[in-house]
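# Descriptive structure summary
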Amino acid sequence: MGSMSTGVGAAIAPAATAALKLRSLAGAEADGGDHSLKKNLSCPNSGNGFSKLPSMGLEIHSKPKMLTGDFGYTLEDVPHLSDFIPDLPTYPNPLQDNPAYSAVRQFFVDYDDTVAEKIVVHKDAVRGVHFRRAGPRQRVFFESDDVQACIVTCGGLCPGLNTVIREIVCGLNHMYGVKRVLGIDGGYRGFYSKNTVSLTPKSVNDIHKRGGTVLGTSRGGYDTKKIVDSIQDRGINQVYIIGGDGTQKGAAVIFEEIRKRGLKVAVAGIPKTIDNDIPVIDKSFGFDSAVEEAERAITAAHVEATSFENGIGLVKLMGRYSGFIAMYATLASRDVDCCLIPESPFILEGPGGLLEYIQKRLKENGHMVIVIAEGAGQELVSESLRASTAQQDASGNRLLQDVGLWISQRIKDHFSKQRKMTINLKYIDPTYMIRAIPSNASDNVYCTLLAQSAVHGAMAGYTGFTVGPVNGRHAYIPFDRVNEKQNKVVITDRMWARLLSSTNQPSFLSSNQTVSPHQTTS
Ligand SMILES: Nc1ncnc2c1ncn2[C@@H]1O[C@H](COP(=O)(O)OP(=O)(O)OP(=O)(O)O)[C@@H](O)[C@H]1O
Ligand SMILES: O=P(O)(O)OC[C@H]1O[C@](O)(CO)[C@@H](O)[C@@H]1O
Ligand SMILES: [Mg+2]
């Protein structure tokens, strides 16, 4: 296809190309480009990226694949099938003959293209961490007819799950001519306890208009051996795993087991969570849709609160460990007087406490709207109810106390005891409504890009990666990086300051509580 660029390095300036030519461990020829090792790059963990116990010749858990370059450049690369399977054949990418893409000038991603983790940098700063850019490669590691893909959805629901499923099926079929895609029924446990379902562009055609996941989902039931046995027995060679932080941890273990068995199976993770608690990526799919729905609940709370004397509208939103939904819905609405999230401790009683603030606000305004994330104030509830904090769901996530009901009661008790002010409190708990809806327009587009990036990565032989946008550009991120911590609202960040200035709520931090001064700003 004449209009498609085939030259390696065509997208970047020659000087930069010279400095950045990388040879990825054993996977150097992954896209058929010119991958000569330049002396200004070094691979701290040389070899194939996996460490060996020298005396026994045993392999242990694979090390991160790091490459370093000039001026403090680091590439945190993702594994490639050729890292542990020698002499894999490659094939021309079928997209080069696809009329839909023929007009794109630089369609194939240059082997050396990487995405910077930080884009706001001081002029003297080192170049920092980069991830491999997502997208189609010139050469692929699977022949279309040989691909047997599968898709699984795990964890809680999230708007957009069906769109991702649809776009993986259609992406594989329309872009790469892959006809065999299996749906795994009901999450990880479905690999070994249920029949699979065949997915075709026709069978998934309309599913993006529905909430939920057509494949079903579950918590718990994770069994590495049984899952990988099932992958092997069914002849599956591309596994697309859609799920949140727990799911991505499970995906990393599946990848390790597959690598250990030396199977030619690409494992691609697509991060899903309305809580937005997955690090590195800009935002998780479905988050915008969930925030939009949450805002509707806040509007209802505001209408109720303003219609009664001393009306209080209280809305509880999802957010187990991270308060992003509560923060963004509050910022979007502008009707909220107080937003409480897990990251920002608060006190109820006494000077500087929530009850004092409510009283002040009602005196000033005659009404008030409070948004509380489900994970906020959990210590207060457990202490007051003397309830155990040890209960867990099937996946090992902590089961929360109902802070919304608890705080409603505490507010009512306070004002009835005080007898100075009669309040009208309306409690709205939209819980599952914000995640059971279909995705909105922008999430639909986002889901399409995620699905296509995952497909391009797997076809190109990359494995053990999560896909996602980093500063707006889609990248392949090693599982370790998304699994090492949870994304949280940084209360020393500008976004939280914006929220405080919109609600006018106190910080609720007593003078002896401090917050870490360092943090990124947004
Ligand atoms: N550390 C882990 N190792 C292997 N598997 C895990 C791990 N944590 C969770 N899983 C499995 O991943 C699946 C989903 O996990 P979980 O229920 O925590 O949801 P999630 O993916 O975090 O999504 P969300 O929290 O957004 O609903 C479950 O089947 C669970 O057993
Ligand atoms: O009731 P379930 O399905 O376990 O899910 C509840 C949890 O799932 C999430 O929606 C994350 O997917 C959290 O916000 C919430 O705490
Ligand atoms: Mg989770």
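Residues numbered from 1 in each chain as written. Chains lettered and ligands numbered in written order. Predicted model: local features only at pLDDT ≥ 70, side-chain atom pairs only at ≥ 80, totals over all residues. Heavy atoms only, no water.

### Here's the deal with the pairing of strand β18 (residues 465-470)
Which entries qualify depends on this criterion: Burial classification: accessible surface area is computed with a 1.4 Å probe over protein chains only, and a residue below 20% of its type maximum counts as buried, one above 50% as exposed, and the rest as partly exposed. Working definition: helices are DSSP H or I runs of at least four residues, strands are E runs of at least two. Numbering for both runs from the N terminus. Only when DSSP finds a minimum of two bridges between them are two strands counted as paired.
Within β18, six of the six residues are buried, which leaves the element mostly enclosed by the surrounding structure. Side chains F465, V467 and P469 project from β18 onto one buried face, and the interleaved T466, G468 and V470 project onto a second face that is buried too. Sheet topology places strand β13 (residues 266-271) next to β18; two bridges connect them, and they run parallel. Bridge pairing links A268 to F465 in β18. Pairing of β18 with strand β19 (residues 473-478) involves six bridges; the strand directions are antiparallel.

### Observations concerning the site of ligand 1
We apply this condition: Neighbouring residues are identified by heavy atoms, a residue being near a molecule or strand if any of them is within 4 Å of it. Under the rule applied, a polar contact is a pair of N or O atoms within 3.5 Å (in protein, one hydrogen donor and one hydrogen acceptor; residues adjacent in sequence only if both atoms are side-chain atoms). Per-residue accessibility takes into account occlusion by the displayed protein chains alone, with areas from the Shrake-Rupley method and a 1.4 Å probe. Using a 1 Å grid laid over the protein atoms alone, points where a 1.4 Å probe fits but cannot get out form a cavity; open sets with protein on both sides within 12 Å along at least 5 of 7 lines form a pocket; any residue with an atom within 4 Å of a point counts as lining. The rule for placing a molecule in a cavity or pocket is simple: more than half of its atoms must lie within 2 Å of the grid points.
In the region of ligand 1, 18 residues are neighbours, and G156, G220, D245, T247 and S395 sit closest. Interatomic distance of 2.7 Å between a backbone N/O atom of G156 and an oxygen atom of ligand 1. Within the complex, the protein chains bury 85% of what would otherwise be the 630 Å² of accessible surface of ligand 1. Spatially, ligand 1 is embedded in the second largest pocket. Tallying contributions element by element places helix α6 (residues 245-261) first for the shell around ligand 1, with five residues.

### Here we look at the UniProt feature "binding site: ATP" (unreviewed entry) in the protein chain
To keep it simple, the criterion reads: UniProt positions are given in the numbering used here, feature names are shortened, and annotations may be inferred rather than shown by experiment. Any pair of residues with heavy atoms lying within 4.5 Å of one another is described as a contacting pair.
With numbering aligned to this structure, UniProt lists the feature "binding site: ATP" (unreviewed entry) at G156, R219, G220, G244, D245, G246 and T247. Despite a sequence span of 92 residues, these residues sit close together in the fold, their greatest C-alpha distance being 13.0 Å. In this structure, the second largest pocket is lined, among the annotated residues mentioned, by G156, R219, G220, G244, D245, G246 and T247. One can find G220 in the loop between β11 (197-199) and α5 (224-233). If sequence neighbours within four positions are ignored, G220 has contacts with R189, A394 and S395. Its location among the elements puts D245 in helix α6. Those residues in contact with D245, other than ones at most four positions away along the chain, are D277, I278, N483 and Q486.

### Details of the layout of surface pockets
Test applied: Grid points are joined across faces, edges and corners, and a volume is the space filled by probe spheres set on the points. Gly is put with the polar residues, along with every residue not named as nonpolar or charged; the nonpolar set is Ala, Val, Leu, Ile, Met, Phe, Trp, Tyr, Cys and Pro, and the charged set is Asp, Glu, Lys and Arg.
Volume-wise, the second largest pocket comes out at about 870 Å³. Ranked by residues supplied to the lining of the second largest pocket, first place goes to α6 with five residues. Split by residue class, the lining of the second largest pocket holds 12 nonpolar, 14 polar and 13 charged.

### Concerning the environment of V204
With respect to the helices, strands and loops of the structure, V204 is situated in the loop between β11 and α5. Residue V204 is classed as buried on the basis of its relative accessible area of 2%. Every residue in contact with V204, bar those within four places of it in the chain, is listed here: R166, V169, C170 and L199.

### Here's the deal with the site of ligand 2
Neighbouring ligand 2 are the residues G156, R219, I274, D275, M318, G319, R320, E374, Y432 and R435. At 2.7 Å from an oxygen atom of ligand 2 is found a side-chain nitrogen or oxygen belonging to D275. The side chain of Y432 places a nitrogen or oxygen atom 2.5 Å from an oxygen atom of ligand 2. About the coverage of ligand 2: the protein hides 82% of its 400 Å² of free accessible area. Using a 2 Å cut-off from the grid points, one finds that ligand 2 occupies the second largest pocket.

### Concerning the nonpolar core
Rules: Throughout, nonpolar core names a set of buried Ala, Val, Leu, Ile, Met, Phe, Trp, Tyr and Cys residues whose side chains join them through atoms within 4.5 Å.
Grouped together as the largest cluster of nonpolar side chains are 112 residues, with contacts concentrated most on I151, I168, Y240, I270 and F285. With nine residues, the top contributor of residues to this core is helix α3 (residues 161-176). What I168 contacts, discounting residues up to four positions off in sequence, is I151, Y240, I242, I270, A451 and V455. In terms of nonpolar packing, the next biggest core, distinct from the first, is built from 25 residues, I312, L340, I407 and F415 among them.

### Quick look at the side chain of E293
You can see E293 is positioned in helix α7 (residues 287-307). On the basis of relative accessibility, which here comes to 15%, the residue E293 falls in the buried class. In this structure the side chain of E293 is engaged in a polar contact, spanning 3.0 Å, whose partner is the side chain of R296. For E293, the residues in contact, after removing those within four places along its chain, are M433, I434 and I437.

### Observations regarding α6
Selection rule: To estimate how far a helix should extend, the number of its residues minus one is multiplied by 1.5 Å.
Its 17 residues place the ends of α6 25 Å apart at the C-alpha level, agreeing with the 24 Å of an ideal helix rising 1.5 Å per residue. For α6, the full list of buried residues reads T247, Q248, G250, A251, A252, I254, F255, E256, E257, I258 and R259. Positive phi appears at G262, one or two residues downstream of α6, with a value of about 70 degrees.

### Comments concerning the packing of aromatic side chains
For any two aromatic rings, the description comes down to two numbers: the centre-to-centre distance and the angle of the planes. Our working definition: Each Phe, Tyr or Trp ring (for Trp, its six-membered ring) is paired with any other whose centre lies within 6.5 Å, and the angle between the two planes then decides the class: stacked below 30 degrees, edge-to-face above 60, tilted in between. Sitting over a ring, as applied to charges here, requires NZ of Lys or CZ of Arg to be within 6 Å of the ring centre and within 35 degrees of the ring normal.
One pass over the structure, following the stated rule, counts nine aromatic pairs. Summarising the aromatic geometry, the rings of Y101 and F107 are spaced 4.9 Å apart at their centres and angled 40 degrees between planes, so their arrangement reads as tilted. For Y101, a relative accessible area of 21% translates into the label partly exposed. In this structure F107 comes out as buried when scored by relative accessible area, which is 13%. Judged by centre distance (4.6 Å) and plane angle (50 degrees), the ring pair of F465 and Y476 falls under tilted. Taken together, the residues F465 in strand β18 and Y476 in strand β19 connect sequence positions 11 residues apart. By the ring-pair criterion, three or more aromatic residues cluster together here, those being Y101, F107 and F108. The residue whose ring lies beneath K264 is F142, and the NZ or CZ to ring-centre distance is 4.4 Å. The ring centre of F308 lies 3.4 Å from the NZ or CZ of K426, which sits over that ring.

### Details of α7
Its 21 residues give α7 an end-to-end C-alpha distance of 30 Å, which sits within 8% of 30 Å, the value for a rise of 1.5 Å per residue. Regarding α7, the residues found buried are F287, S289, A290, V291, E293, A294, A297, I298, A301, H302 and A305. In this structure, the buried side of α7 is in contact with β14 (311-317), α8 (324-333), β16 (367-373), β17 (424-428) and α12 (441-459).

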